[in-house]
Amino acid sequence: LTEGLVALLANGLKRLNGSGGDPVVQLQTSFGGGKTHSMLALYHLCGGQIRLSEIPGGEQILARVGNVDDRIEAQRAVIVGTAFSATQPRQYKDATTRTLWGEIAYQLGGAAGYQLVAQADLAGISPGSDDLLKLLEQHGPALILLDELVAFARNLYGSSERLPAGTFDSLTTFIQSLTEAVKRSSDAVLLISIPVSERFGQRDYRPDASEIEIGGTAGHAALDILQHTIGRVEAMWRPVTASESFEIVRRRLFSEQMDVAARDATVNAFRKLYRDQSADFPSGVAEAEYAEKLRAAYPIHPELFDRLYLDWSTLERFQRTRGVLRLMAAVIHQLWVSNDASLMILPGSVPLWAAAVQNEMTRYLPENWSAILDIDIDGAESRPYQIDKSVPTLGQISACRRVARSVFIGSAPSAGAQGMRGLEEVRIRLAVAQPGEQIAMFGDALRRMSNQLTFLYSDGARYWYDTRPTVNRMAQDRAQNLPQDEVQGEIVDRLRKIKPNPDQFRSPHIAPRGSADVSDEPRARVVVLDPEFGHKRATGESDAQRHARDIMLNRGTGPRIHRNMLVFIAPDAANELALEKGVREYMAWLSIDQEKDVLNLDGQQRKQVQTNLRRADETVTARIQETYSWLIVPVQRDPTGPVEMQALRISGSESYFERAFRKLRQSEMLIARWSPESLRMELDHFLWRGQPHVKVKQLWDDLTQYCYLPRLASEDVLTNAIQDGLARLTDEPFAYATMVDADGRYKGLTWHRPGAQVYGNDDDVLVHPDAARRQEAEDAARLKQDTKQDTGVRDRDAGVATGSSDGESAGPTPHPLSPIPHTPPPAPPTRYYGTARLDPRRANREMATIVEEVIARLVSEAGTEVTLTVEISASRMLGFDEATVRTVSENSRTLKFISHGFEGE
């Protein structure tokens, strides 16, 4: 007994006992809402064969009615409009009835009752309310049930013939008279069922089941008049509340025997889930009131009932009670035979793959929904099922399928008429999540599905299915049809946009197609290989290693000189397909975004394109960093051994340039700061070559060319190491000289001298400490000998000045104050000139040395005027291109060159 049914029965019994109550009750509910069921209940209760105490819940009725007989008997008249003929009279043994009033009078009082309205019945004219009141008083208490009255009335509406049942006007007059007579009587009650019409006359109107029950224009005209007529005296009644619907379905479909402890434990588990993770679910579901809904609906979750009663019941032909019962019967049967272990039946539990369930759902939807169900929602061939299979963590709980079912059940009924489209993510979680599951899995499922499904739409945190394909399908088709060379070109363009830290790598070579594209320079360079050349661990060399070896050994058709200056960053072959797929998706979304006006996309679709374009762009950026995860370095163990292309995994969250530099620095495969001791060790092992010295230029050339030597970041690293070694005051790693003369002596020999400069001239040499000591010893001995000789000469000159040894006079002694005759010194030079040829590749450093060692010394003397002129001469057999001519000419003018220009032969 629902609350509405208890109220209806109590009201009827009060009225039939003459103790109050509403005389006229209109049962106005949607199609399948329980009108006839409620009439039947009052009909049988008033038949005199059932006691109130025999009805389960009958004490509720008695509590409302008060002191009445336990058994009630009334005269009953029943009219079913769909069965009552307007053209055929009804023959009884003692009377013939033609109209509603004649039939009601006969059912209430037999032939005697009929005689009270016989003339009106024969004439087809409604009797007055006084005649009807007399009928009710003589043959009461009276229960009159009028079901499907509109169906009967529309048969009379607009009819030009005079029918036995009378005219439409006489019918409406009779209803008015009957309601007034029932109201004036003391023990009569009239129940009239009227279908609901809530949407008639609205724009884009599409009739639902109740509208079909009303029956077109004639039915609506009849309904409008009847509602106006009855509305003056009737009491509205709705038989079933939303919460009672739970109980009705549960009682109809499940045994009355319930494991109460299991139910309560389940409800408490759900309530704890909603309370502990309240941010993941709609507000209010953690409250005690919702727990009562869980308990009342168990084992069906209230969210499933809400969607069926609030959304699906608005569909054409869907019956609120019978439709839900049919659907849930199919759902429960399928879950039972499938041994489903869910704690409750949620929207995500509905097995839409089962034919019986799918048929029940799609019978109320347009035909194309069946295909959408198979493709995008449920079934062995559906995309959600395929995603679940490909991601084990999602497949363990069927996350994608459960989410797809929930979104379908929550959005399909109103796909074409939603103001605020779709379900919020919090409500989707409510429709799928059960205690003990990781809620984040369903969010992951939603993201994956929104990228891959054809008919699933999204807008922020709202999701829905629609019968129109989304732009996802367009993007998928475009992604598959993109030419391979365009995809590779996009990857290369993305690689070129990634810039390294200039303190680590300068001017990297990005995706060279061949060795000729990589310059041959005496400084460390990084080469980022084309995505075509991936690396994977194998017994032989990978494509990446072979391609890197070719670049290391050759430059075009000739050999590479500076082989020890190159390192390589290569993609992982296992990740190449994922990167390519991500780039295809990005390019597809980008093309759709560029053509959004031509494609006539609506606002929602444009939002979706923007969201997916941004997401695809972020995915490509991440996948490039994930894919380029190998560092390939040429390594040679000894001068006679082979050069190996060693592959090292570089991992981390930074860019691949950062990761590669860190790995090179940690493994000392690229040296940015070199110690004098390390330099001395390499000199001893490989570079002295039995000689007491080695040219600095040759030393640098060797370091850039031979892979068994250390790899320095630049020539400055070598220069700094030499200067650090020369500054040592105790240990003696090496000495430095500006040149070796024809006699094998070292000019400008320097060591033990902090601040000593290394000029980098072609004649500069590093000198072995033993050779430096020998020259220093020789210089010391020569100095000693020269000093001794100088002393003897001075003594001899003194003897000549004072006289000969044999006492002979040497001449007159000069006066002490007389001037000593001397030769005047030569005049000092007054002008300096110098011309130097600079290496263009080292012009900055060589010019700095000239300024420091020459110009600075000259201007240090007061009154010195220095004029510095730079002369540049350049020639090119093939001629200079237009861009070079333009740039150099503009820069020359800006720098105020005295003269400049290009000329031809």
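Because the structure is a prediction, the values reported are computed rather than measured.

**Concerning the packing of helix H13 (residues 288–297) against helix H14 (residues 302–310)**
Orientation of H13 relative to H14, taken along the N-to-C sense of each, is 85°, at an axis distance of 9 Å. Taken together, the axis directions place H13 and H14 in an arrangement best described as roughly perpendicular. Contacts from Tyr290, Lys293, Leu294 and Ala297 in H13 reach Pro302, Glu303, Phe305 and Asp306 in H14. Its residues placed into classes, the contact of H13 with H14 shows five nonpolar, no polar and three charged.

**A look at helix H29 (residues 676–687)**
Taking 1.5 Å per residue, twelve residues should reach 16 Å; H29 reaches only 14 Å between its end C-alpha atoms and comes up short. Within H29, burial applies to Pro676, Leu679, Glu682, Leu683 and Leu687. Buried residues of H29, viewed axially, fall in a sector of 120°; they line one side. Summarising the contacts, the buried residues of H29 are in contact with strand S20 (693–695), helix H30 (696–705), helix H31 (715–726) and strand S24 (765–767).

**Quick look at the sheet that holds strand S10 (residues 423–424)**
The strands making up a sheet associate through hydrogen bonds between their backbones, and the pairing can be parallel or antiparallel. The strand order S10-S12-S11 describes an open sheet built from three strands, whose pairing is antiparallel. One side of each edge strand has no neighbouring strand; the edge strands of this open sheet are S10 and strand S11 (456–459). Pairing analysis gives four bridges linking S11 to strand S12 (residues 462–465), with the strands arranged antiparallel. Residue Asp459 lies in a different strand from S12, and its bridge partner there is Arg462. Packing against the sheet, helix H27 (residues 603–627) makes contact with S11 and S12, and its axis sits at approximately 85° to S11.

**Brief notes about a nonpolar patch on the surface**
A surface patch of nonpolar side chains, amounting to about 440 Å² of accessible area, comprises Val870, Ile872, Leu895 and Phe897. With respect to the helices, strands and loops of the structure, Val870 is situated in the loop between helix H33 (843–859) and helix H34 (882–894).

**Brief notes about the packing of aromatic side chains**
Under the counting rule described, the total for this entry stands at 18 aromatic pairs. Their ring planes at 65° and their centres at 4.9 Å tell us that Tyr274 and Phe281 sit as a pair that is edge-to-face. Of the residues examined, Phe281 reaches a relative accessible area of 4% and is grouped as buried. Through a chain of ring-to-ring contacts, the aromatic side chains of Phe505, Tyr628, Tyr656, Phe657 and Phe661 assemble into a single cluster. Taking NZ or CZ as reference, Arg76 lies 4.0 Å from the ring centre of Tyr43, over its face. The ring of Phe84 carries the charged tip of Arg90 above its face, separated from the ring centre by 3.5 Å.

**Considerations on the pairing of strand S19 (residues 643–649)**
Judged from the seven bridges that link them, strand S18 (residues 630–636) and S19 form a sheet pairing that is antiparallel. Bridge pairing links Val635 to Glu644 in S19. A loop of six residues connects S18 with S19, the two strands running antiparallel in sequence.

**A few points about the confidence of the model for the protein chain**
Summing up the model confidence of the protein chain, the mean pLDDT is 85 and the portion of residues at 70 or higher is 89%. Here helix H9 (residues 209–214) is the element of the protein chain with the lowest mean pLDDT, 46, and strand S17 (residues 566–570) is the one with the highest, 95. Predicted confidence is poor over residues 198–215, with pLDDT under 50, and the contacts of this stretch with residues over four places away or in other chains come to 48 contacts. Low pLDDT (under 50) marks residues 813–822, which in the prediction has zero contacts with non-local residues, meaning those over four places away or in another chain.

**Quick notes on unusual backbone geometry**
In this structure, Pro141 follows Gly140 across a cis peptide bond, with omega equal to -5°. Pro299 follows Tyr298 through a cis peptide bond whose omega is 10°. Looking at the element boundaries, Pro299 is found in the loop between H13 and H14. Even without being glycine, Asn339 reaches a positive phi, approximately 55°. For Asn339, the position within the fold is in the loop between helix H15 (322–337) and helix H16 (355–362). In the Ramachandran plot, Ala511 falls in the positive-phi region, its phi being about 50° despite a non-glycine side chain. Among the structural elements, Ala511 can be located in the loop between strand S13 (509–510) and strand S14 (525–528).

**Let's talk about the nonpolar core**
Membership of the largest hydrophobic core comes to 70 residues, with the highest contact counts inside it found for Tyr274, Trp312, Met328, Phe408, Met449 and Tyr465. Sorting elements by how many residues they give to this core places H15 first, with eight residues. Setting aside residues no more than four positions away along its own chain, Met328 makes contact with Val249, Leu253, Ile300, Leu304, Leu308 and Ile345.

**Some words on the sheet that holds S20**
Taking strand neighbours across the sheet as the criterion, the three strands line up as S20-S24-S21 in an open arrangement whose pairing is antiparallel. Each of the sheet's edge strands pairs with one partner strand only, and the pair in question is S20 and strand S21 (735–737). Each strand of the sheet is rotated relative to its neighbour by a mean of 25°, with strand direction disregarded. Across the sheet, H30 touches S20, S21 and S24, and the angle it forms with S20 is around 70°.

**Some words on the pattern of salt bridges**
Applying the stated rule across the entire model yields 49 salt bridges. The salt bridge partner of Arg448 is Asp444, with a shortest N-O separation of 3.1 Å. Pair noted here: Arg448 and Asp444 are both in helix H22 (residues 440–452), with a separation of four residues, about one helical turn. Here Arg448 falls in the partly exposed class, since its relative accessible area comes to 31%. Residues Arg606 and Asp597 are paired through a salt bridge, measuring 3.0 Å at the closest nitrogen-oxygen approach. Classification of Arg606 by relative accessible area gives partly exposed; the value is 29%.

**A short note on H27**
Compared with the 36 Å implied by 1.5 Å per residue over 25 residues, the 36 Å span of H27 between its first and last C-alpha is a close match. Along H27, the residues classified as buried are Gln604, Gln605, Gln608, Val609, Asn612, Leu613, Ala616, Val620, Ile624, Gln625 and Thr627. With a side-chain oxygen lying 2.7 Å from the backbone nitrogen of Gln605, the N-terminal cap of H27 falls on Asp602.

**Some details on the environment of Arg845**
Note that Arg845 resides in helix H33. Since its relative accessible area comes to 23%, Arg845 is described here as partly exposed. Counting along the chain gives 85 residues from Arg845 to Gly760, while the straight-line C-alpha distance between them is 8.6 Å. Filtering out sequence-adjacent residues up to four positions away, Arg845 remains in contact with Glu715, Asp716 and Thr719.

**Digging into the pairing of strand S7 (residues 142–147)**
Each regular strand carries side chains that alternate between the two faces of the sheet. Counting buried residues along S7, six of its six residues qualify, which places the element largely inside the surrounding structure. Of the two faces of S7, the one holding Ala142, Ile144 and Leu146 and the one holding Leu143, Leu145 and Asp147 are both buried throughout.

**Observations concerning the side chain of Arg402**
Locating Arg402 in the fold gives a position in helix H20 (residues 399–411). Here the side chain of Arg402 touches Ile397 through a polar contact of 2.9 Å, landing on its backbone oxygen. If near-sequence neighbours (up to four positions away) are discounted, Arg402 is found in contact with Gly348, Ile397, Val432, Ala433, Gln434, Glu437 and Phe442.

Analysis parameters
- Residues numbered from 1 in each chain as written.
- Predicted model: local features only at pLDDT ≥ 70, side-chain atom pairs only at ≥ 80, totals over all residues.
- Heavy atoms only, no water.
- Axes fitted to C-alpha atoms, helices over the stretch in contact; angles between N-to-C directions.
- Helix = DSSP H or I, 4+ residues; strand = E, 2+ residues; numbered from the N terminus.
- Parallel < 35°, antiparallel > 145°, perpendicular 65-115°, else oblique.
- Contact = heavy atoms within 4.5 Å.
- Nonpolar A, V, L, I, M, F, W, Y, C, P; charged D, E, K, R; others polar.
- Expected span 1.5 Å × (residues − 1).
- Buried < 20%, exposed > 50% of the residue type's maximum accessible area, 1.4 Å probe, protein only.
- Arc of directions from axis to C-beta.
- Pairing = 2+ DSSP bridges.
- Patch = residues over 30% accessible without salt bridge, like charges linked within 9 Å, V, L, I, M, F, W, Y side chains within 5 Å.
- Areas by Shrake-Rupley, 256 points an atom, 1.4 Å probe, with all protein chains shown as cover.
- Salt bridge = Lys/Arg side-chain N within 4 Å of Asp/Glu carboxyl O.
- Phe/Tyr/Trp six-rings, centres within 6.5 Å; stacked < 30°, edge-to-face > 60°.
- Lys NZ or Arg CZ within 6 Å of the ring centre and 35° of its normal.
- pLDDT = per-residue confidence, 0-100.
- Core = buried A, V, L, I, M, F, W, Y, C linked by side-chain atoms within 4.5 Å.
- Polar contact = N/O pair within 3.5 Å; in protein donor to acceptor, adjacent residues only side chain to side chain.

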